[in-house]
Amino acid sequence: MSSQAPPNQVRAELLAMGLTAALILLADQATKALVVSSIDVGGRVQLLGDLLALWHVRNAGAAFSLFQGGQEFFLVVTLLAFGMLIYFHRAFRGRGLLLHVVLGLVLGGTLGNLLDRLRLGYVTDFVSMGIGDLRWPTYNVADASIVVGILALVGYLTFGDQARGEARA
């Protein structure tokens, strides 16, 4: 059972989660600072023609510039996300470092955007992908980290956890 994981393994998993979160938070804040210091709000720098650009925008909404406004709502959602991360960390004790790295991706991204919301009242987004007016919503390192982490977690819960259950049976 996961709650009976050896203390050294639990510490290693917590360390993996914490280090991953710290690296994501650092990368997120560093890239946002670079964009803020290099590109005026609304300014764009083409990287791969129209396909990929840096576009400095201020996002008062959720990830990928969705649901503008409602800072209080997003702070409550962030607190719920922290609660879920604590739950998953406890529920996944003893299941390996990689799973806790995935949790660290979500934690680091959540912290990165929370820090912006508390400090600035908005989140700095800057990655713009698409063709012409058909564009993916602009995002940042924190958003990408959260999405990759959640997709990996869903994949694990859908496929990896079933394989673990079959191995136990």
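Residues numbered from 1 in each chain as written. Predicted model: local features only at pLDDT ≥ 70, side-chain atom pairs only at ≥ 80, totals over all residues. Heavy atoms only, no water.

A. View of the pairing of strand 3 (residues 123-131). A large share of strand 3 lies buried, amounting to 7 of its 9 residues. With 6 bridges connecting them, strand 2 (residues 52-59) and strand 3 associate as antiparallel partners. Paired with Asn59 across the bridge in strand 3 is Val123. Relative to strand 4 (residues 134-135), strand 3 is paired through 2 bridges, and the arrangement is antiparallel. Each residue of the ladder has a partner; that of Ile131, found in strand 4, is Leu134. What sits between the antiparallel neighbours strand 3 and strand 4 is a turn of 2 residues, in which Gly132 has the positive phi angle 60°. (Buried < 20%, exposed > 50% of the residue type's maximum accessible area, 1.4 Å probe, protein only. Helix = DSSP H or I, 4+ residues; strand = E, 2+ residues; numbered from the N terminus. Pairing = 2+ DSSP bridges.)

B. Up close: a nonpolar patch on the surface. A contiguous nonpolar surface patch, about 480 Å² in accessible area, is contributed by Val45, Leu47, Leu48, Leu51 and Ile131. At 3 residues, the largest contribution of residues to the nonpolar patch is made by strand 1 (residues 44-48). According to the relative accessible area criterion, Ile131 is exposed, its value standing at 61%. (Patch = residues over 30% accessible without salt bridge, like charges linked within 9 Å, V, L, I, M, F, W, Y side chains within 5 Å. Areas by Shrake-Rupley, 256 points an atom, 1.4 Å probe, with all protein chains shown as cover. Salt bridge = Lys/Arg side-chain N within 4 Å of Asp/Glu carboxyl O.)

C. Fine view of the pattern of salt bridges. Across all of its chains, the model carries 4 salt bridges by this definition. Where Asp116 meets Lys32, a salt bridge forms, and the shortest distance between an N and an O atom there is 2.7 Å. Of the two residues, Asp116 sits in helix 3 (residues 97-120) while Lys32 sits in helix 1 (residues 7-38), which places them 84 residues apart along the sequence. We note a salt bridge from Asp50 to Arg135, for which the minimum N-O separation is 3.4 Å. Separated by 85 residues along the polypeptide, Asp50 in the loop between strand 1 and strand 2 and Arg135 in strand 4 bring together distant segments of the chain.

D. Structural context of helix 1. With 32 residues, helix 1 should cover 46 Å at 1.5 Å per step; its first-to-last C-alpha distance of 46 Å lies within 8% of that length. Taken together, the buried positions of helix 1 are Glu13, Ala16, Met17, Thr20, Ala21, Ile24, Asp28, Gln29, Lys32 and Val35. (Expected span 1.5 Å × (residues − 1).)

E. Layout of the sheet that holds strand 4. The antiparallel open sheet is built from 4 strands, whose spatial order is 1-2-3-4. Among the strands making up the open sheet, the edge pair consists of strand 1 and strand 4. On the sheet, helix 1 packs against strand 2 and strand 3 and is oriented at approximately 80° with respect to strand 3. (Contact = heavy atoms within 4.5 Å. Axes fitted to C-alpha atoms, helices over the stretch in contact; angles between N-to-C directions.)

F. Summary view of the packing of helix 1 against helix 3. For the pair helix 1 and helix 3, interaxial distance at closest approach is 7 Å and the crossing angle is 40°. On the basis of their axis angle, the class for helix 1 and helix 3 is oblique. Taken as a pair, helix 1 and helix 3 cross one another with a handedness that is right-handed. When its residues are assigned to classes, the contact of helix 1 with helix 3 shows 13 nonpolar, 8 polar and 5 charged. (Parallel < 35°, antiparallel > 145°, perpendicular 65-115°, else oblique. Left-handed = near helix turned anticlockwise from the far one by under 90°. Nonpolar A, V, L, I, M, F, W, Y, C, P; charged D, E, K, R; others polar.)

G. The arrangement of the nonpolar core in detail. Leu85, Phe92, Leu103, Leu107 and Leu153 are the most contacted members of the largest nonpolar core, which totals 14 residues. If you list the elements that add at least two residues to this core, you get helix 1, helix 2 (71-91), helix 3 and helix 4 (141-168). If one sorts the elements of this core by residue count, helix 3 sits on top with 6 residues. Counting residues in hydrophobic clusters, the runner-up holds 5 residues, among them Val35, Ile39, Val127 and Tyr139. (Core = buried A, V, L, I, M, F, W, Y, C linked by side-chain atoms within 4.5 Å.)

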